[in-house]
Amino acid sequence: NAGVTQTPKFQVLKTGQSMTLQCAQDMNHNSMYWYRQDPGMGLRLIYYSASEGTTDKGEVPNGYNVSRLNKREFSLRLESAAPSQTSVYFCASSVTGTGNQPQHFGDGTRLSIL
Amino acid sequence: GENVEQHPSTLSVQEGDSAVIKCTYSDSASNYFPWYKQELGKRPQLIIDIRSNVGEKKDQRIAVTLNKTAKHFSLHITETQPEDSAVYFCAASPSGAGSYQLTFGKGTKLSVIP
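A quick note: this is a predicted structure, and the numbers were derived from the prediction, not measured.

Engineer: Is there a simple way to explain the overall build of chain A in this structure?
Structural biologist: When you go through chain A residue by residue, the secondary structure sums to zero helices and 11 strands. Helices (α) and strands (β) of chain A occur, in sequence order from the N terminus, as β-β-β-β-β-β-β-β-β-β-β. Its C-alpha radius of gyration of 13 Å places chain A within 12% of the 13 Å reference for a compact globule of 114 residues. Here chain A holds 114 residues, and the buried ones make up 51% of them. Just so you have it, chain A exposes about 5000 Å², and 49% of that area is on carbon and sulfur atoms. Seen as two clouds, the 10 positive and the 8 negative side-chain charges of chain A have centres 5 Å apart.

Next up, the structure:
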């Protein structure tokens with residue numbers, strides 16, 4: 001059981017380039033999430049998908065878009081990357097999104113924008 | 001929205017001593033409180049969680065206590081070992097349908113000195 005798989009693990013972009021981060025889970029979870037982690041800032045929610053076919057903004061959605069491709073996959077897109085988007089990005093999933101279910105995280109994508 | 005404060009930001013203890021990390025939250029509707037451990041370069045992993053109908057929960061050397069009146073909860077690690085060295089994050093979430101956001105504290109870096 002792989003759990004939550006993120007690709008790529010590392011990426012370097014130039015300012016203005018676009019990029020899609022991929023996430024897939026094999027736990028048959030309904031809800032999926034994208035977070036960013038910056039030093040000293042904890043984990044901040046970018047977007048989430050409560051169930052297949054729905055997406056909603058989190059705390060820091062500006063500059064990002066998401067797609068819930070199917071129940072397993074949830075992608076995060078940077079249309080025009082900026083240095084402020086340099087961060088570690090984590091995808092997570094939970095059985096449901098009712099707020100009291102554990103979230104399971106992937107290994108993260110380390111993204112640098114030059 | 002919810003705001004979670006976590007203290008201290010760094011904590012050093014001697015091997016075998018106890019460690020306590022404290023968090024406060026602002027939203028009285030929050031009733032799910034997970035704790036995550038993140039080793040350097042790794043994913044956050046759930047170590048224990050507590051729901052508001054419970055005041056204390058234990059799992060071997062770790063325990064979490066919750067005071068809903070004061071809106072604070074704490075992580076207690078007894079008989080610390082070098083492998084407990086990591087960053088620990090608390091989080092809070094309201095329960096119920098539509099409550100998808102998990103708000104994290106900024107983390108506590110625990111160092112266990114052999």
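Engineer: Is there a simple way to explain the pairing of strand β9 (residues 87–94) of chain A in this structure?
Structural biologist: Within a regular strand, side chains alternate between the sheet's two faces. All names here are of chain A. The buried fraction of β9 is high, at eight of eight residues. What you see with β9 is no split at all: S87, Y89, C91 and S93 on one side and V88, F90, A92 and S94 on the other are buried throughout. As paired strands, strand β4 (residues 31–38) and β9 are joined by seven bridges and run antiparallel to one another. Its bridge partner lying in β9, Y35 is registered against F90. Looking at chain direction, β9 and strand β11 (residues 109–113) are connected through three bridges and run antiparallel. Directly across from Y89, in β11, lies its bridge partner T109. Two strands pair when backbone bridges link them, and β9 and strand β10 (residues 104–105) are joined in this way by two bridges, in the antiparallel orientation. Paired with S93 across the strands is H104, a residue of β10.

Engineer: In this structure, what is going on with the nonpolar core? I would like to understand it.
Structural biologist: General note: in soluble globular proteins, nonpolar side chains tend to be found buried as a group. Membership of the largest hydrophobic core comes to 23 residues, with the highest contact counts inside it found for W35(B), F73(B) and L110(B). Counting residues per element, the ones that place at least two in this core are β2 (10–14), β3 (19–25), β4 (30–38), β5 (45–51), β7 (62–67), β8 (72–77), β9 (86–94) and β11 (108–113) of chain B. Those residues in contact with F73(B) that sit more than four places away from it in its chain are I21(B), K22(B), C23(B), Y25(B), F33(B), W35(B), T65(B), L66(B), C90(B) and A91(B). In terms of nonpolar packing, the next biggest core, distinct from the first, is built from 20 residues, M32(A), L76(A), L78(A) and L111(A) among them.

Engineer: Could you clarify how one ought to interpret the sheet that holds β7(B) in this entry?
Structural biologist: Strands pair in a sheet through their backbones, by hydrogen bonds, and they do so in one of two ways: parallel or antiparallel. Residue and element names in this part refer to chain B. Here five strands make up an open sheet; going across it, the order is β1-β3-β8-β7-β6 and the pairing antiparallel. If you trace the sheet from one side to the other, it starts and ends with β1 (4–7) and β6 (56–59), each paired once. Neighbour-to-neighbour, the strand axes of this sheet turn through a mean angle of 15°, independent of strand direction.

Engineer: Would you take a moment to explain the side chain of Q6(A) for this structure?
Structural biologist: Residues and elements named next belong to chain A. Within the secondary structure, Q6 sits in strand β1 (residues 4–7). Since its relative accessible area comes to 3%, Q6 is described here as buried. Within the structure, the side chain of Q6 is placed 3.0 Å from the backbone oxygen of Y89, a separation counted as a polar contact. Of the polar contacts made by the side chain of Q6, one reaches the backbone nitrogen of C91; its length is 2.9 Å. Ignoring any residue separated from it by four or fewer positions in sequence, one finds Q6 in contact with Q22, W34, Y89, F90, C91, G106, D107, G108 and T109.

The rules behind these values
- Residues numbered from 1 in each chain as written.
- Chains lettered and ligands numbered in written order.
- Predicted model: local features only at pLDDT ≥ 70, side-chain atom pairs only at ≥ 80, totals over all residues.
- Heavy atoms only, no water.
- Helix = DSSP H or I, 4+ residues; strand = E, 2+ residues; numbered from the N terminus.
- Rg over C-alpha atoms; globule rule 2.2 N^0.38 Å.
- Buried < 20%, exposed > 50% of the residue type's maximum accessible area, 1.4 Å probe, protein only.
- Areas by Shrake-Rupley, 256 points an atom, 1.4 Å probe, with all protein chains shown as cover.
- Lys, Arg positive; Asp, Glu negative; His and termini not counted.
- Charge placed at Lys NZ, Arg CZ, Asp CG, Glu CD.
- Pairing = 2+ DSSP bridges.
- Core = buried A, V, L, I, M, F, W, Y, C linked by side-chain atoms within 4.5 Å.
- Contact = heavy atoms within 4.5 Å.
- Axes fitted to C-alpha atoms, helices over the stretch in contact; angles between N-to-C directions.
- Polar contact = N/O pair within 3.5 Å; in protein donor to acceptor, adjacent residues only side chain to side chain.

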